[in-house]
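Okay, here's what each chain looks like letter by letter:
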Amino acid sequence: MNAISYPESVAIARPDPLLIQSADEFLALARLSYCQVRTAEECEAAGEDLKSIKARQQQLEEARTSITKPLLDAQRAVNNLFRAPQETLAEAERIIKRSILAYQEVEERKRLEAQAAAAQALRKEREKLEAQAARAQATGKLEKAEALRISAEAIPERMEIAPTAAKVAGLASRSTWRAELLDKLALVTYVAQHPEWLNLLEPNMTAINGLARSQKSALAIPGVRAVQEKQLAARAV
């Protein structure tokens, strides 16, 4: 197994304070001079300052990445160092958990089968006593019939059988439930008939926006309208 190297220290470039402060200066300029553009000259000047802002944004991004890149590279190296053993332990955990759950499922099935067999035996015993009580009643043995009925009523409907699976300290199994979509159209139809469940359906806005870009104002889907948004692009000088 090849050794994975990672840096013991990371050198970080110190950003230029004037570069950081220049953002406030550009904001002050925009608020003071360009809250409203009234003339062609102002529009031209605003465009030039906008290109300067884009250039300053690029400079700030380069300064930022000069700091974050060595940090991210170091983080990536550390993650690579620990990824393999973490995945190995996760696989070992999955194997053991799968075996424990399989064992518990088998033991639970045995318990339920034994519980069902016990309930059937109790039912048969209750029915036998009820039949004996009926015969005693028919022959005039009223006290005996009453005693047999009381005995039959005392027999429980079911008998709880305790789980036999071994319990290990620190381990606990639980059941969780999840939904599986079997028929999307059936779900849509149900929600259409029961709008209180509308939150179950989320529109695919990526696909809808794609239709809006391709069809533009011709988009004609009930419940949807095409919206045109204008943007101004500026390049750094």
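Residues numbered from 1 in each chain as written. Predicted model: local features only at pLDDT ≥ 70, side-chain atom pairs only at ≥ 80, totals over all residues. Heavy atoms only, no water.

Q: Report on the overall build of the chain, specifying residues and quantitative values.
A: A count of helical and extended segments in the chain gives five helices and zero strands. Taking 2.2 N^0.38 as the reference for a compact globule, 237 residues should give roughly 18 Å; the C-alpha atoms of the chain span a radius of gyration of 38 Å, well beyond that estimate. Counting only C-alpha atoms and orienting by the principal axes, one finds that the chain spans roughly 120 × 60 × 30 Å. Per-residue burial for the chain yields a buried fraction of 11% across its 237 residues. Taking all contacts inside the chain whose residues are at least 6 apart in sequence as the whole, residues at least 24 apart take part in 62%. For the chain, the accessible surface area stands at approximately 20100 Å², while carbon and sulfur atoms represent 57% of it. Here the chain carries 34 positive and 32 negative side-chain charges, and the mean point of each set is 5 Å from the other. (Helix = DSSP H or I, 4+ residues; strand = E, 2+ residues; numbered from the N terminus. Rg over C-alpha atoms; globule rule 2.2 N^0.38 Å. Buried < 20%, exposed > 50% of the residue type's maximum accessible area, 1.4 Å probe, protein only. Contact = heavy atoms within 4.5 Å. Areas by Shrake-Rupley, 256 points an atom, 1.4 Å probe, with all protein chains shown as cover. Lys, Arg positive; Asp, Glu negative; His and termini not counted. Charge placed at Lys NZ, Arg CZ, Asp CG, Glu CD.)

Q: So what's going on with the environment of Q193? Which residues, and what values?
A: Of note, Q193 is situated in helix α4 (residues 184-193). Between the alpha carbons of Q193 and I53 there is a distance of 54 Å; along the sequence they are 140 residues apart.

Q: Any details on the packing of helix α1 (residues 17-33) against helix α2 (residues 40-138)? Residues and values, ideally.
A: Where α1 contacts α2, the axes come no closer than 10 Å and their chain directions differ by 155°. Judged by the inter-axis angle, α1 sits roughly antiparallel to α2. Where α1 crosses over α2, the two elements pack in a sense that is left-handed. Here L19, I20, S22, F26 and L29 of α1 lie close against α2, whose contacting residues are D49, S52, I53, R56, Q59, L60 and A63. Of the residues contributing to the contact of α1 with α2, the split by class is seven nonpolar, three polar and two charged. (Axes fitted to C-alpha atoms, helices over the stretch in contact; angles between N-to-C directions. Parallel < 35°, antiparallel > 145°, perpendicular 65-115°, else oblique. Left-handed = near helix turned anticlockwise from the far one by under 90°. Nonpolar A, V, L, I, M, F, W, Y, C, P; charged D, E, K, R; others polar.)

Q: Give me the lowdown on the nonpolar core, citing residues and values where you can.
A: Looking at soluble globular proteins, one finds that nonpolar side chains tend to be buried together. Of all hydrophobic cores here, the largest spans eight residues; its members are L122, L129, A133, A136, A145, L148, A152 and I155. When contributions to this core are tallied by element, the ones reaching two or more residues are α2 and α3 (142-154). Among the elements that take part in this core, α2 stands out by supplying four residues, more than any other. When near neighbours in sequence (up to four residues on either side) are disregarded, A136 contacts K141, K144, A145 and L148. (Core = buried A, V, L, I, M, F, W, Y, C linked by side-chain atoms within 4.5 Å.)

Q: Could you give me a rundown of the packing of α2 against α3, with the residues and numbers involved?
A: Packing of α2 against α3 brings their axes to within 8 Å, and their N-to-C directions diverge by 165°. Looking at the two axes, α2 sits roughly antiparallel to α3. Relative to α3, the crossing made by α2 is left-handed. Counting all contacts with α2, which are made through R126, L129, E130, Q132, A133, A136 and Q137, the residues of α3 involved are L142, K144, A145, L148, R149, S151 and A152. Per-class residue counts for the contact of α2 with α3 are seven nonpolar, three polar and four charged.

Q: So what about unusual backbone geometry? Which residues, and what values?
A: Phi is positive for K216, close to 55°, though the residue is something other than glycine. When you line up the elements, K216 lands in the segment after α5 (205-215).

Q: Account for the state of the cysteines, naming residues and giving values.
A: Simply put, the disulfide is a covalent bond whose two ends are the sulfur atoms of two cysteines. Tallied over the entire structure, the rule returns zero disulfides. C35 carries a free sulfur, and the closest cysteine sulfur to it, the one in C43, is 15 Å from it. Looking at C43, the relative accessible area reads 47%, which means it is partly exposed. (Disulfide = S-S within 2.5 Å.)

Q: Tell me about α2, residues and numbers included.
A: Between its first and last C-alpha atoms α2 spans 115 Å; for 99 residues at 1.5 Å apiece the expected length is 147 Å, and the helix comes up short by more than 12%. Roughly 35° is the biggest bend found in α2, and it falls at R83, with proline P85 one to four residues downstream. One or two residues past the end of α2 sits G140, with phi positive at roughly 90°. (Expected span 1.5 Å × (residues − 1). Bend = angle between axes of the 7 residues up to and from the residue.)

Q: For a nonpolar patch on the surface, give the residues involved together with the corresponding values.
A: Together, I95, I96, I100, V168 and L171 line one region of the surface with nonpolar side chains, adding up to about 430 Å² of accessible area. Tracing the backbone through its elements, the reader meets L171 in the loop between α3 and α4. We classify L171 as exposed; its relative accessible area is 52%. (Patch = residues over 30% accessible without salt bridge, like charges linked within 9 Å, V, L, I, M, F, W, Y side chains within 5 Å. Salt bridge = Lys/Arg side-chain N within 4 Å of Asp/Glu carboxyl O.)

Q: Describe the pattern of salt bridges, listing the residues and the values that go with them.
A: Counting across every chain of the model gives 13 salt bridges. As a salt-bridge pair, E61 and R64 come within 2.6 Å of each other at their nearest N and O atoms. Placement of both E61 and R64 in helix α2 is noted, with a separation of three residues, approximately one turn of the helix. The exposure class of R64 is partly exposed, given its relative accessible area of 44%. Between E157 and R126 there is a salt bridge, with the nearest N and O atoms lying 3.5 Å from each other. A residue pair is termed long-range when its members are at least 10 positions apart, and E157 in the loop between α3 and α4 and R126 in helix α2 qualify at 31 residues. Several salt bridges share partner residues, and in doing so they unite K69, D73 and R76 into one network.

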